[in-house]
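# An overview of the molecular structure
Take a look at the letters that make up each chain.
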Amino acid sequence: SETPFIVTDISQYESIQQEKIIEKIILDDRKKPFDFSKSPLFRLNLLKLSNTNYKSILTIHHAILDGWSGRMLLSNVHNTYLELLENKSISPANT
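Residues numbered from 1 in each chain as written. Predicted model: local features only at pLDDT ≥ 70, side-chain atom pairs only at ≥ 80, totals over all residues. Heavy atoms only, no water.

### Describing the environment of tyrosine 13
- Positionally, tyrosine 13 belongs in the loop between β1 (5-9) and α1 (15-31).
- The exposure class of tyrosine 13 is partly exposed, given its relative accessible area of 36%.
- Distance from tyrosine 13 to arginine 30, taken between C-alpha atoms, is 23 Å for residues 17 residues apart in sequence.
- Those residues in contact with tyrosine 13 that sit more than four places away from it in its chain are Gln18 and Ile21. (Helix = DSSP H or I, 4+ residues; strand = E, 2+ residues; numbered from the N terminus. Buried < 20%, exposed > 50% of the residue type's maximum accessible area, 1.4 Å probe, protein only. Contact = heavy atoms within 4.5 Å.)

See below:
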């Protein structure tokens, strides 16, 4: 099944308007149910705020990720991001 990955460019708006758009995206996403007959049980929104600033919104059904593993996932994503910023190569074993 295809990963639900949405990219939205809101860089043309001022920051106050961007925050309102982000709040609406989050509220709308929370109202959208997951279909257990189809995978995956997560959605990812990437919002472009400027040429150098992005915000990601990851919605995951609790059936596939609990609090403990969620912290591990975010820590791993963060560490990988920092390595990429330093132009270090990463391998699937480190991700």
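### A word on the sheet that holds strand β3 (residues 54-60)
- As summarised here, the arrangement of the three strands in space is β1-β2-β3, forming an open sheet in which the pairing is mixed. Looking at the sheet topology across the chains shown, the edges are occupied by β1 and β3. Neighbour to neighbour, the strand axes of the sheet diverge by 15° on average, direction disregarded.
- Alignment of β1 against strand β2 (residues 42-48), held across five bridges, turns out to be parallel. Bridging across to β2, valine 7 finds its partner in leucine 46. (Pairing = 2+ DSSP bridges. Axes fitted to C-alpha atoms, helices over the stretch in contact; angles between N-to-C directions.)

### Some points on the pattern of salt bridges
- Throughout the structure, instances matching the rule amount to three salt bridges.
- The salt bridge partner of lysine 24 is aspartate 28, with a shortest N-O separation of 2.7 Å. With lysine 24 and aspartate 28 both in helix α1 and four residues apart, this pair spans about one turn of that helix.
- A salt bridge links arginine 43 to aspartate 29, with the shortest nitrogen-to-oxygen separation between them at 2.7 Å. Of the two residues, arginine 43 is situated in strand β2 and aspartate 29 in helix α1; the sequence distance between them amounts to 14 residues.
- Judged by its relative accessible area of 9%, arginine 43 is buried. (Salt bridge = Lys/Arg side-chain N within 4 Å of Asp/Glu carboxyl O.)

### A word on the environment of glutamine 18
- Position of glutamine 18 relative to the elements: it lies in helix α1.
- Put simply, glutamine 18 and leucine 47 are 29 residues apart on the chain and 9.5 Å apart in space, counted from C-alpha to C-alpha.
- Other than its neighbours up to four places away in sequence, glutamine 18 contacts Ile10, Ser11, Tyr13 and Leu49.
- There is a polar contact of 3.3 Å between the side chain of glutamine 18 and the backbone oxygen of tyrosine 13. (Polar contact = N/O pair within 3.5 Å; in protein donor to acceptor, adjacent residues only side chain to side chain.)

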